[in-house]
Amino acid sequence: MKILMLSDLYPPTLGGMEKHVQALSRELAKRGHQVIVCTTGLPDLPKYEEEKGVKIERLQGFFQRIPFMYRDPRKRFHPPTEDWSLVKQLRQIVQRQRPDIIHAHGWILYSALPLRRDFSIPLLATLHDYGFLCPKRSLLTTQNTLCNEPFTSHCIVCGNQQYGFMKSLAAYYGVRINKSRLKSMDKFIAVSEFVKEVHVKHLGLSDKDVVTIPVFFSPEPEREKEIELPEDFILFVGVLIPDKGVNVLIEAFRKLDTQTKLILIGGKHPDYRYNSTRNIVVIENAPHHMVMHAMSRCRFAVFPSKWPEPFGTVAIEAMSQGKAVIACNMGGLKDIVVDKETGILVPPNNSAELAQSISYLLERPEVASEMGNKGHDRFRKNYTPDVVVPVLIDTYRSLLR
């Protein structure tokens, strides 16, 4: 098959979606499929390159040429509306490449919808977050509660802090106006059952319109260690922001009387700063192989997000290293962590119960070890490329039939 993979961003820009699109494209190429990735580019990146059997074309849309639109100039993502300039470029690529399938990731889907009409090529999209429902992509209100009223004017107020009023207004109308256009899709892929549930509910889709296919992870050979770690520690990995539950985790950890350290590894955020103390070690912007080294050494991992994580790749990364996982009992993490079997699920934003769960596993290392072993078995059965990628290929083929 020849697959045209569309993504808002792509490595070297790093994020969960970007890494997944790269890994998926490489796995498909390894299996003999032709993959062309089209993504938005930056002036200092090559417009065309080939990497591990994957062809990559970086395009400049109309909005990417307006740098003041973006808070981070390195992340000029596609806005929640059709970009006529990108549509024109994508149309030329489709005419030249004649793909069998178009697979979109992110808001670039809005510029792919005209291709479905013009060429009658099956079009599907992976739902990595809540961006087709929520301009902020988080599905959280300003009170940090789950939003049950998307596509209403409340979205403008909700997005004001993140975008500013004018951008929030534009993002809201982009998401709302394009809602009906999504009905023309051939298939949506949800990364978790929770993501499927909310999109079926709020987009008015049927159950057969959305298939759940999880993200996969392929452990790499461990490199020589380049990071000094304590002998005894528990681990958090994620962007260092309150939405990931960092504040709640620190509050919970301070309730404990333990010699075990807490290590926080994550991406630095301009609005938040966490400093190391005697018992809490903060490591910012560590490369992935260092993260995995820490995963292999920790007692267990803790991911107490305050928002409904669409999936939670860090959880399966920890399970791949045979570690128990404490996580919040909402969003996609409920799919991954089996409560009291491969880890412990706790309510979000509850430092008391989080502290109790951490203490429980610290005092019972044999239980944490058994949970880690069961988690590793679950990882191998559900979240490796050899399990996940064939399911996706079957989905492609069903659309072609």
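Parameters at a glance
Throughout, residues of each chain are indexed from 1 in the direction in which the sequence is written. Only residues with pLDDT of 70 or above have their local features reported here, since the model is predicted, and side-chain atom pairs are shown and tallied only from 80 upward, although totals for entire chains, interfaces and linings are computed over all residues. Heavy atoms from the whole structure form the basis of all side-chain values; hydrogens and water molecules are not counted. Two strands pair if DSSP finds at least two bridges between them. Secondary structure elements are defined from DSSP: runs of H or I of at least 4 residues count as helices, runs of E of at least 2 residues count as strands, and each element is numbered from the N terminus. A fitted line through C-alpha atoms represents every axis, and for helices the fit uses only the stretch in contact; the resulting angles, taken between N-to-C directions, go from 0 to 180 degrees. Categorising residues by exposure relies on relative accessible area from a 1.4 Å probe, with only protein chains included: less than 20% of the type maximum marks a residue as buried, more than 50% marks it as exposed, and the intermediate range marks it as partly exposed. When checking whether two residues touch, look at their non-hydrogen atoms; a contact exists if any pair is within 4.5 Å. Centre distance within 6.5 Å is the pairing criterion for rings of Phe, Tyr and Trp, where only the six-membered ring of Trp is used; planes under 30 degrees apart are then read as stacked, over 60 as edge-to-face, and the remainder as tilted.

### Remarks on the sheet that holds strand β6 (residues 123–127)
Inference 1: With mixed pairing, eight strands are arranged side by side in an open sheet as β3-β4-β2-β1-β5-β6-β7-β8. The sheet is open, and its two borders are formed by β3 (48–51) and β8 (210–212), each paired with just one other strand. Averaged over all pairs of adjacent strands, the angle between strand axes in this sheet comes to 25 degrees, irrespective of strand direction.
Inference 2: With four bridges connecting them, strand β5 (residues 101–105) and β6 associate as parallel partners. Note on β6: the bridge partner recorded for His 103 is Leu 124.

### Some words on the environment of Phe 216
Inference 1: Topologically, Phe 216 is positioned in the loop between β8 and β9 (233–237).
Inference 2: By relative accessible area, Phe 216 is classed as buried at 6%.
Inference 3: Expressed as a C-alpha distance, the spacing of Phe 216 and Phe 379, which sit 163 residues apart in the sequence, is 9.0 Å.
Inference 4: Setting aside its immediate chain neighbours within four residues, Phe 216 contacts His 20, Ala 23, Leu 24, Glu 27, Ile 316, Tyr 383, Thr 384, Pro 385, Val 388 and Val 389.

### What to know about the packing of aromatic side chains
Inference 1: In the structure shown here, the tally under the stated rule is seven aromatic pairs.
Inference 2: Note on Tyr 130 and Phe 194: the rings are 6.2 Å apart at their centroids and 85 degrees apart in plane angle, and the pair reads as edge-to-face. With a gap of 64 residues between them, Tyr 130 in the loop between β6 and α4 (154–163) and Phe 194 in helix α6 (residues 193–203) connect regions that are remote in the sequence.
Inference 3: Look at Tyr 130 and you get buried, because its relative accessible area is 0%.
Inference 4: Given a relative accessible area of 12%, Phe 194 falls into the buried group.
Inference 5: Seen in terms of ring centroids, Phe 217 and Phe 379 are 6.4 Å apart; in terms of plane orientation they differ by 55 degrees. Their pairing is tilted. Placement of Phe 217 in the loop between β8 and β9 and of Phe 379 in helix α12 (residues 365–382) is noted, with a sequence separation of 162 residues between them.
Inference 6: Three or more aromatic residues link up through ring pairs in this structure, and these residues are Tyr 130, Phe 194 and Trp 307.

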